[in-house]
Amino acid sequence: MTAPEIFGRRLRRARRDRALPDYATHDFLRAHMLEGLTERLAMVRRDFTDVLDLGCFAGGFAPPQGVRVARIDAGLGFARTAGGVQGDEDRLPFADASFDLVVSAGVLDSVNDLPGALTLARRVLRPDGLFVAAFVGAGSLATLRACLREAEGDRPVARMHPQVDVRAAGDLLIRAGFALPVADGETLTVRYRDLFGLLRDLRGMAGANIMPDRSPLRRDTLARAAETFAARADPDGRTPERFEIVFMTGWAPDASQPQPARRGSGRTSLADALKSPGTATEP
């Protein structure tokens, strides 16, 4: 029996295609994620030759010159724009051990089978290959969630996607078979003049509701939510909204890697985990 899907695959593809024409106006969140991933990759003491951009959008990730890059996106328009192929993250069309680096920014929070997607990412990596990812995590859009809940009164509707926190992200990396897994988080706060600016950004970054059982938002409910959103504004009239970004790193297992410290001992730092496990570093 096939497990029920959390997100509508067709709707997800359609929303991504709809976002493509104006995506550059709303790509600040993924740009922030890519900046964080680039900083983490700068800590790695090794070179990569074959890279997979998993959930490539319009192709904003820029690897070092001379590195071969394969790109894949659920949206046909994004895939074509980036010179990649269309496909879902939990149904990868690549052979095992095809890459030594997999990078993913801004898509894993809307994948139906996240454990399966992470397992596939590990499988397409060569031994001692690196996986780095970032996505919107638990605690994000708290203001929007509260405003919608208040506007809908006694009959709230599920309009927000399930979200993964940092602890669960680390557990998922372990479950997928990654070595030296590390999950950490950052907070990005964006201030909006009104609720509609936030909703435009969510649609523009292909981040709107794609759950199969979604229901239309009535105009009177939307109006009440907008009033509640405005009531939460700072003195300058802008309302802050929070995006919690989860970063993940993990290595494909290899015999050359050191054994991680006992869980809970706190001896494995992010910097240590990002260094190539099989490569000596300068003192």
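Residues numbered from 1 in each chain as written. Predicted model: local features only at pLDDT ≥ 70, side-chain atom pairs only at ≥ 80, totals over all residues. Heavy atoms only, no water.

Draft legend 1. Seen up close, the packing of aromatic side chains. If you walk through the whole model with that rule in mind, you get six aromatic pairs. Ring centres of Y23 and F78 lie 5.2 Å apart, and the angle between their planes is 75°; this geometry places the pair in the edge-to-face category. Of the two residues, Y23 is situated in the loop between helix 1 (9-19) and helix 2 (28-42) and F78 in helix 3 (residues 76-81); the sequence distance between them amounts to 55 residues. On the basis of relative accessible area, F78 is assigned to the buried category, the value being 0%. Connected via pairs of aromatic rings, a cluster forms that spans Y23, F57 and F78. Above the ring of F57, the side-chain terminus of R16 is found at 4.1 Å from the ring centroid. (Phe/Tyr/Trp six-rings, centres within 6.5 Å; stacked < 30°, edge-to-face > 60°. Helix = DSSP H or I, 4+ residues; strand = E, 2+ residues; numbered from the N terminus. Buried < 20%, exposed > 50% of the residue type's maximum accessible area, 1.4 Å probe, protein only. Lys NZ or Arg CZ within 6 Å of the ring centre and 35° of its normal.)

Draft legend 2. Expanded view of empty space enclosed by the protein. Tallied over the full model, the rule gives one cavity of 30 Å³ or more. If you trace the largest cavity, you find it lined by R9, R12, R13, A74, D88, D90, S110, V111 and N112. Looking at the lining of the largest cavity, its residues break down into two nonpolar, two polar and five charged. (1 Å grid on protein atoms, 1.4 Å probe; cavity = no way out; pocket = protein on both sides within 12 Å on 5 of 7 lines; lining within 4 Å. Points joined across faces, edges and corners; volume = space filled by probe spheres on them. Nonpolar A, V, L, I, M, F, W, Y, C, P; charged D, E, K, R; others polar.)

Draft legend 3. Expanded view of unusual backbone geometry. Unusually for a residue other than glycine, F57 sits at a positive phi of about 50°. Mapping F57 onto the fold places it in the loop between strand 1 (50-54) and strand 2 (68-73). Look at F57 and you get buried, because its relative accessible area is 2%. The phi angle at L180 is positive, at roughly 50°, despite the residue not being glycine. Relative to the helices and strands, L180 resides in strand 6 (residues 179-192).

Draft legend 4. Layout of the packing of helix 4 (residues 114-123) against helix 6 (residues 166-175). Relative to each other, helix 4 and helix 6 sit at 50°, their axes nearing to 9 Å. The pairing of helix 4 with helix 6 is recorded here as oblique in orientation. The chirality of how helix 4 crosses helix 6 is right-handed. Contacts between helix 4 and helix 6 pair L114, P115 and L118 from the former with L172, L173 and R175 from the latter. The class makeup of the residues in the contact of helix 4 with helix 6 is five nonpolar, no polar and one charged. (Axes fitted to C-alpha atoms, helices over the stretch in contact; angles between N-to-C directions. Parallel < 35°, antiparallel > 145°, perpendicular 65-115°, else oblique. Left-handed = near helix turned anticlockwise from the far one by under 90°. Contact = heavy atoms within 4.5 Å.)

Draft legend 5. Molecular detail of the packing of helix 5 (residues 142-152) against helix 8 (residues 219-231). Packing of helix 5 against helix 8 leaves a shortest axis separation of 8 Å and a crossing angle of 130°. With respect to helix 8, the element helix 5 is oriented oblique. The two elements helix 5 and helix 8 meet at a crossing, and its hand is right-handed. The residues of helix 8 that touch helix 5, namely those facing T143, C147, L148, E150, A151 and E152, are T221, R224, A225, T228 and F229. Partitioned by chemical class, the residues of the contact of helix 5 with helix 8 number five nonpolar, three polar and three charged.

Draft legend 6. Summary view of the confidence of the model for the protein. In the predicted model, the protein carries a mean pLDDT of 90, and 88% of its residues have values of at least 70. For residues 278-283, every residue scores under 50 in pLDDT, and the model assigns this stretch five contacts once sequence neighbours within four places are set aside. (pLDDT = per-residue confidence, 0-100.)

Draft legend 7. How the structure looks around the side chain of T239. Relative to the helices and strands, T239 is located in strand 7 (residues 239-251). For T239, a relative accessible area of 1% corresponds to the buried category. Within the structure, the side chain of T239 is placed 2.9 Å from the backbone oxygen of F229, a separation counted as a polar contact. The residues contacting T239, other than those within four sequence positions of it, are T143, V190, R191, Y192, F229, A230, R232 and A233. (Polar contact = N/O pair within 3.5 Å; in protein donor to acceptor, adjacent residues only side chain to side chain.)

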